[in-house]
Each structure stands twice: as structure tokens, then as C-alpha cells.
Amino acid sequence: MTDSEIDSKFDELREDLKSIDKKLQVREETERELLEMYRNIKGFMRVMSWVEYCSVWVAKMSVACGILWFLFRESVKEAIKKVGE
């Protein structure tokens, strides 16, 4: 092998290494973006869990207040009837 052939092979290897390096950089960037997206989704799901918890709590309180209001209204009706007698 001559020096020019060796230089040519080294140039090919350098180009191949540069190509591999670029692919690795793209892969690392993609992994970073995926990790960031995962963290964002995880945070969003945590927030949605709290929203669900609060919604259920509000629904329970609404039902409880509705029942109490019904009982109060009925007791007031009964009291008015007794006073009217």
C-alpha cells in the first residue's frame, strides 16, 4: 500500500467517524428531548391527579350540602306546619 492509499483510507475512516459522531449527537439530543417530554407528561399527570381529587371532593361536598339543604327545608316546612296548627 502506498502512502496515498493509506491517507485515502484514513480519510474514509475520519468521514465514517464524523458520520457516526453526528448520529450519536442526534440520538443524544433525541433522548434528552424524550426525557424532557416524559418529565412534562409526568408533571401534567400529577396535576391532573390533584384536579381529579379536588373534583371528587367538590362533588361529595355538593351532594352533602344538597342533602343538608333538603333536610333543613323539610324541617322548616314541618316547623311551619306545627306553628300553623
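It should be noted that the structure appears before, not after, this text.
Residues numbered from 1 in each chain as written. Predicted model: local features only at pLDDT ≥ 70, side-chain atom pairs only at ≥ 80, totals over all residues. Heavy atoms only, no water.

Trainee: Break down the overall build of the protein for me, citing the residues and quoting the values.
Mentor: For the protein, the helix and strand inventory stands at one helix and zero strands. Since a compact globule built from 85 residues should have a radius of gyration of about 12 Å, the 36 Å found for the protein marks it as more spread out than a globular shape. Viewed in the frame of its principal axes, the protein has a C-alpha envelope of about 125 × 10 × 10 Å. When each of the 85 residues of the protein is scored for burial, the buried share is 0%. Here the protein has roughly 8300 Å² of accessible surface; of this, 65% comes from carbon and sulfur atoms. Side-chain charges in the protein split into 15 positive and 17 negative, and the spacing between the mean points of these groups amounts to 15 Å. (Helix = DSSP H or I, 4+ residues; strand = E, 2+ residues; numbered from the N terminus. Rg over C-alpha atoms; globule rule 2.2 N^0.38 Å. Buried < 20%, exposed > 50% of the residue type's maximum accessible area, 1.4 Å probe, protein only. Areas by Shrake-Rupley, 256 points an atom, 1.4 Å probe, with all protein chains shown as cover. Lys, Arg positive; Asp, Glu negative; His and termini not counted. Charge placed at Lys NZ, Arg CZ, Asp CG, Glu CD.)

Trainee: Please provide a residue-by-residue account of the pattern of salt bridges, values included.
Mentor: Within the structure shown, the criterion is met by six salt bridges. A salt bridge links Glu15 to Lys18; the nearest nitrogen and oxygen atoms lie 4.0 Å apart. Separated by three residues within a single helix, Glu15 and Lys18 lie in helix 1 (residues 3-84), roughly one turn from each other. For the salt bridge of Arg73 with Glu74, the shortest nitrogen-to-oxygen distance reads 4.0 Å. A residue is classified by how much of its surface remains accessible, and Arg73, at 37% relative accessible area, is partly exposed. Judged by its relative accessible area of 27%, Glu74 falls in the partly exposed class. Here the salt bridges do not stand alone but share partners, grouping Arg73, Glu74 and Lys77 into one network. (Salt bridge = Lys/Arg side-chain N within 4 Å of Asp/Glu carboxyl O.)

Trainee: An account of the packing of aromatic side chains is requested, with residue identities and associated values reported.
Mentor: Inspection of the entire model under this criterion finds two aromatic pairs. Between Trp50 and Tyr53, the ring centres sit 5.6 Å apart and the planes meet at 80°, which makes this aromatic pair edge-to-face. Here Trp50 pairs with Tyr53, and both are found in helix 1, just three residues apart, close to one helical turn. Judged on exposure class, the residue Trp50 and its partner Tyr53 are both exposed. (Phe/Tyr/Trp six-rings, centres within 6.5 Å; stacked < 30°, edge-to-face > 60°.)

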